[in-house]
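Observations on chain architecture
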Amino acid sequence: MKLPDPTNITNEVYEAAKTLFYKHWDGLPIRKAGVALSQLTKSDEYQLTLLDHREKLRNLERASDKIANKFGRTAILRASSLLAAGQAKDRSIKIGGHYK
């Protein structure tokens, strides 16, 4: 799938991956899913679009990255990661599924 505009906004990549997943998923259990990105460009090169909040989203991404770099990758999580089925916190203390 090719996105209409270059992006380094996490949620845009996430939504594209989710769209592809649901397009091809047959409803059966899966073991592993992966995402690959290509045709990468420098982050300071991007397309401006009218009626868009991309710069606001880019600033939010930068702030989130600074927090993660200072306090760790689990300092900011999706709310669903805090549910009983969430695995982000548990996985953050493991390497390859095993405790460090």
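Structural notes, computed from the coordinates.

How each quantity is defined
- Per chain, the residues get numbers from 1 upward, laid out in the order the sequence is written.
- Selection of residues for local features in this predicted model requires a pLDDT of at least 70, selection of side-chain atom pairs for listing and counting requires 80 or more, and totals for whole chains, interfaces and linings are taken over all residues.
- Hydrogens are left out, water is left out, and the side-chain values use all remaining heavy atoms of the structure.
- The distinction between a cavity and a pocket rests on a 1 Å grid over the protein atoms alone: a 1.4 Å probe fits inside a cavity but cannot get out, while a pocket stays open yet meets protein on both sides within 12 Å along at least five of seven lines, and a residue with an atom within 4 Å of a point counts as lining.
- Grid points are joined across faces, edges and corners, and a volume is the space filled by probe spheres set on the points.
- In DSSP terms, a helix is any run of H or I states spanning at least four residues, a strand is any run of E spanning at least two, and both are numbered starting from the N terminus.

**Observations regarding the layout of surface pockets**
Put simply, the largest pocket is a space of about 1400 Å³. Lining the largest pocket we find 35 residues, and of these Val13, Tyr14, Ala17, Val35 and Leu37 sit closest to its centre. At 9 residues, helix α1 (residues 10-24) tops the list of elements feeding residues into the lining of the largest pocket. Size it by volume and the second largest pocket reaches roughly 580 Å³. The wall of the second largest pocket is formed by 14 residues, among which Thr10, Glu61, Ser64, Ile76 and Arg78 lie closest to the centre. Those elements that provide at least two residues to the lining of the second largest pocket are α1 and α2 (54-71).

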